[in-house]
Structure formats: C-alpha cells, structure tokens
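What follows is the residue order along each chain.
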Amino acid sequence: MKTIKFTLVAALTVLSMSFCMNISKASAQGFEGQYEEGDRDVSYQTFYDELSPYGDWVYDNQYGYVWRPNMGPDFMPYRTNGHWVSSEIGWTWASDYQWGWAPFHYGRWKFDTYLGWYWIPGYEWAPAWVVWSSNTDYYGWAPMAPGWNISVSINLGSIPSNYWVFAPPRYLCHVRMYDYCAPVYNNVTIVRNVTVINNYGYYNRTRYVCGPRVHEYNTRPGCHARPVPVRECHEPRSTRCDNKNMYVYRPRIVNHPSCRPPEVRGREYFANRDAQPRSRGEYPGNSRPDNRYENNRQRTEAPQQDNRRNDNWTNQQRDNNNERQQRERAVQYAQQQQERRSQAESRQAPQQTERYAQRQPQQERRSQTEYRQVSQSQERHSRENSSYQSAERSSRGQQQRSESHSEGRPRGRN
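From a predicted model like this one, the values you see are computed outputs, not experimental measurements.

Caption draft 1: Looking closely at the environment of Tyr-106. Note on placement: Tyr-106 falls in the loop between β5 (90-95) and β6 (108-112). Overall, the relative accessible area of 0% leaves Tyr-106 in the buried class. A C-alpha to C-alpha distance of 6.3 Å links Tyr-106 and Pro-121, two positions 15 residues apart in sequence. Excluding its chain neighbours within four sequence positions, the residues that come into contact with Tyr-106 are Phe-47, Trp-101, Trp-119, Gly-122, Tyr-123, Glu-124, Trp-125, Trp-129, Arg-250, Pro-251 and Ile-253.

The following block contains the structure:
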C-alpha cells in the first residue's frame with residue numbers, strides 16, 4: 001500500500017514539473033500568452049477602429065476594405081521608421097509607429113499608382129511578411145503582395161524593383177536604419193546580383209521567411225546579433241524591444257461578417273484628385289522621411305499626400321525615360337547653341353561689312369601712295385645705276401686710249 005502511494009505521488013510530481021516546464025518554455029518562446037486564450041480573439045473591427053486615426057479605409061473591388069496610411073509621400077513599408085530585431089522566431093520588424101503591431105505582422109502590402117502603398121488585412125501573424133535576399137554588400141527584403149505563396153520557390157523577376165529595400169548588413173538593427181538604405185532607383189542594378197534566402201519558420205502552422213541565419217549574419221564585418229525571446233503584451237501597441245526581451249501584440253483574428261470601417265472612401269476619391277507626376281527623387285524610398293508626419297493619435301486632419309500617378313513605375317522604365325529626357329535636353333541645348341551662334345553671326349556681318357567699307361578707301365589710298373613711292377625709288381635707283389655705268393664706261397675708255405697711245409708712240413734716237 002505504501003509503495004502504491006509513493007508511486008502515485010512521484011508520478012504526480014513529475015507530471016506537474018513537466019507541465020510547468022512546458023508552460024515556461026512556451027511563454028519564453030512567445031507561443032502562449034499571459035492571458036486566457038479567449039481573450040486573444042479579435043476581429044477585423046479591431047483593425048478598422050485602431051487604424052482609422054492614422055489613414056483612410058478604401059473599398060477595393062478585388063480585396064475589399066484596404067487601408068492607406070497617411071504617413072506622407074515618402075512612406076514605404078518595412079523601411080520607414082523601424083528596424084530589424086533578431087528574435088528566437090526569426091528576424092522581426094520593430095516599427096516605431098503606434099499602429100505598427102497590425103500592418104507589419106498581419107496581411108500583405110501592395111503599391112498602386114493612385115493609392116500609393118496600401119495594406120490588405122489578413123488572419124495569420126508572422127514576424128514580418130517579406131521575402132529576403134542577400135549579396136556581398138546588402139541584405140534585401142520586399143513586402144509580400146497578395147497571392148504570393150511561400151510554399152513555392154520565389155522568382156526574383158516577378159517582384160517589382162520598387163518593392164525591394166536594401167541596407168548594409170551592419171545597419172540592419174540600427175534604430176535609424178532607413179537613413180542608410182540604398183535609394184530605390186538603384187534597385188534595378190542591385191537586384192541583378194542577389195540570391196533568395198530560403199530560411200523558413202512556422203507559427204501556428206503558418207509558414208513565413210525567417211530571414212538570414214544569425215551565425216551567417218554575425219560573420220559579416222561589424223555585425224553582431226543575439227536572438228532574444230518574444231513576450232506577449234495585452235494591448236494594441238507597437239513592437240518594442242529591450243536588451244533581454246521583445247514584446248509583441250499578436251491576437252488571433254476571427255471572421256465577423258458584420259465588421260465595417262467607420263468611414264470608407266472609394267478609389268475615385270484618389271483617382272480624381274489633381275496629382276502631378278513627381279520627379280525621380282520624389283518617389284517613396286528615394287529620400288528620407290518627413291518629420292512633419294508624426295505618430296499622433298489625436299490628429300483630426302490627415303496630412304495631404306500627393307498621389308503617385310505614373311504609368312511607367314518600374315525603375316527600369318524610369319531609367320529609360322531619364323536617359324531619353326537627357327538626350328532630348330542635349331539635342332535642345334545643341335539647337336539653342338546653334339541658334340545663338342547664327343544670331344551672333346548675323347549681328348556681326350553688317351558690322352564687318354561697314355568696317356570693311358570704311359577701311360577700303362584708306363587701304364586704296366595707302367596702296368597708291370606706296371606704289372608711287374616704290375616707283376619713284378625704282379626710277380631713282382635706275383638713274384643712279386645708269387649714271388654709274390656711264391661713268392665707268394667713260395673711265396674705261398680713257399684708260400684704253402691712254403694705253404694704246406703709249407704703245408704706238410715712236411722711240412727717240414740716240
């Protein structure tokens with residue numbers, strides 16, 4: 001009897017200890033919350049209510065209600081106001097925006113020529129919904145658009161070049177990482193020399209891309225990362241991290257058909273606005289974020305944002321357009337220079353004609369005077385020569401006569 005009691009007590013003790021260890025391990029890894037499972041269930045209405053102060057909800061015929069943030073024309077997801085943190089479940093995006101707990105960990109992002117960057121809500125949570133790539137100089141990532149499937153191999157050619165964000169490895173964890181990112185118009189050249197990072201992880205049976213492996217990242221010059229545990233927080237807030245833990249808000253999303261945003265705009269509102277095409281340096285990712293668009297929840301009016309109307313969005317097409325514009329400017333400059341030269345010649349021609357007309361009589365008079373002087377000097381020289389020759393001939397004749405006379409004279413008698 002005592003043996004049976006001792007066995008039961010030992011078994012209960014072992015079960016309780018294993019249960020406590022599993023709970024602590026799950027809590028350290030972030031797979032279980034610090035509250036009841038039922039309290040984690042939220043619907044799309046939470047998205048609609050929490051994000052409405054920071055942007056516009058727009059109805060799209062393909063995706064339904066989508067969210068467009070009012071964070072200025074330079075906003076770009078997974079680039080503006082945030083950085084990467086190495087956690088136990090992969091590289092996690094830590095956003096500085098108060099609303100960053102939802103759009104950067106649920107759903108997908110897409111770019112539109114009228115709306116700009118907009119977010120499509122989703123049900124699955126992940127450290128970041130991006131695809132990763134790398135080369136010797138950069139780590140790159142691109143927001144995943146709707147329809148991209150991680151289960152199949154990702155083709156780099158199917159990802160638009162303006163989706164990519166490239167940053168040097170040593171600044172990947174820097175709090176102001178966006179200051180060191182490469183401009184978007186350089187992506188066309190960089191993306192040709194990168195390889196896809198196939199490192200995957202799972203959370204609640206959801207597959208996502210973890211990013212570069214930590215030991216590989218630490219081999220880069222100036223890089224050192226240590227994975228930190230992920231902890232749960234109870235209220236919607238941005239992801240924050242200290243030296244020991246990373247705190248995220250990741251409730252389970254359920255479907256309630258009655259959910260609706262408090263205010264909805266149509267695409268025609270943005271398509272009909274007077275928006276001029278921006279130059280190359282004004283596109284998202286080509287300049288630093290504007291500090292005027294702060295994370296103020298009490299803002300009553302959304303900042304005005306110019307729409308991005310440009311049919312040739314890809315960087316390759318923009319480069320071609322830029323080269324064509326440079327050639328046109330060069331041709332125009334050559335034509336202007338030719339017109340200036342022709343005008344200058346037309347203005348100089350009458351002046352030269354007048355100066356030549358004024359100078360011609362003087363030249364004629366000077367040439368006549370010179371001719372007269374030359375002719376006189378020639379005549380004088382000829383006269384001198386003739387007189388000299390005549391004098392020489394006369395002296396030579398006298399000498400000959402005197403010699404002949406002296407030879408023909410008879411000798412005297414003795």
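Next comes the rest of the description.
Caption draft 2: The arrangement of the pattern of salt bridges in detail. Per the stated rule, a full pass over the model turns up five salt bridges. For the salt bridge of Asp-56 with Arg-68, the shortest nitrogen-to-oxygen distance reads 3.6 Å. Of this pair, Asp-56 sits in strand β2 (residues 55-60) while Arg-68 sits in strand β3 (residues 64-69), placing them twelve residues apart in sequence. Under the relative-accessibility criterion, Asp-56 is labelled buried at 15%. The class of Arg-68 is buried, set by a relative accessible area of 2%. With its nearest N and O atoms 3.8 Å apart, the salt bridge here joins Arg-265 to Asp-56. Here the residue Arg-265 occupies a position in strand β18 (residues 264-266), and Asp-56 occupies one in strand β2, the gap between them amounting to 209 residues. For Arg-265, a relative accessible area of 26% translates into the label partly exposed.

What counts as what
Residues take numbers from 1 onward in each chain, read along the sequence in its written order. A pLDDT threshold of at least 70 governs which residues receive local features in this predicted model, and a stricter bar of 80 or more applies before side-chain atom pairs are shown or counted, although totals over entire chains, interfaces and linings include all residues. Side-chain measures were taken over the full set of non-hydrogen atoms in the model, leaving aside hydrogen atoms and water. Helix and strand assignments follow DSSP, with helices taken as H or I runs no shorter than four residues and strands as E runs no shorter than two, numbered in order from the N terminus. Three labels apply to residues, based on accessible area from a 1.4 Å probe with only protein chains included: buried if under 20% of the type maximum, exposed if over 50%, partly exposed otherwise in between. Contacts between residues were defined by any pair of non-hydrogen atoms, one from each residue, lying within 4.5 Å. Each salt bridge in this description consists of a side-chain nitrogen of Lys or Arg and a carboxyl oxygen of Asp or Glu lying within 4 Å of one another.

Any functional reading would require information beyond the geometric quantities listed.
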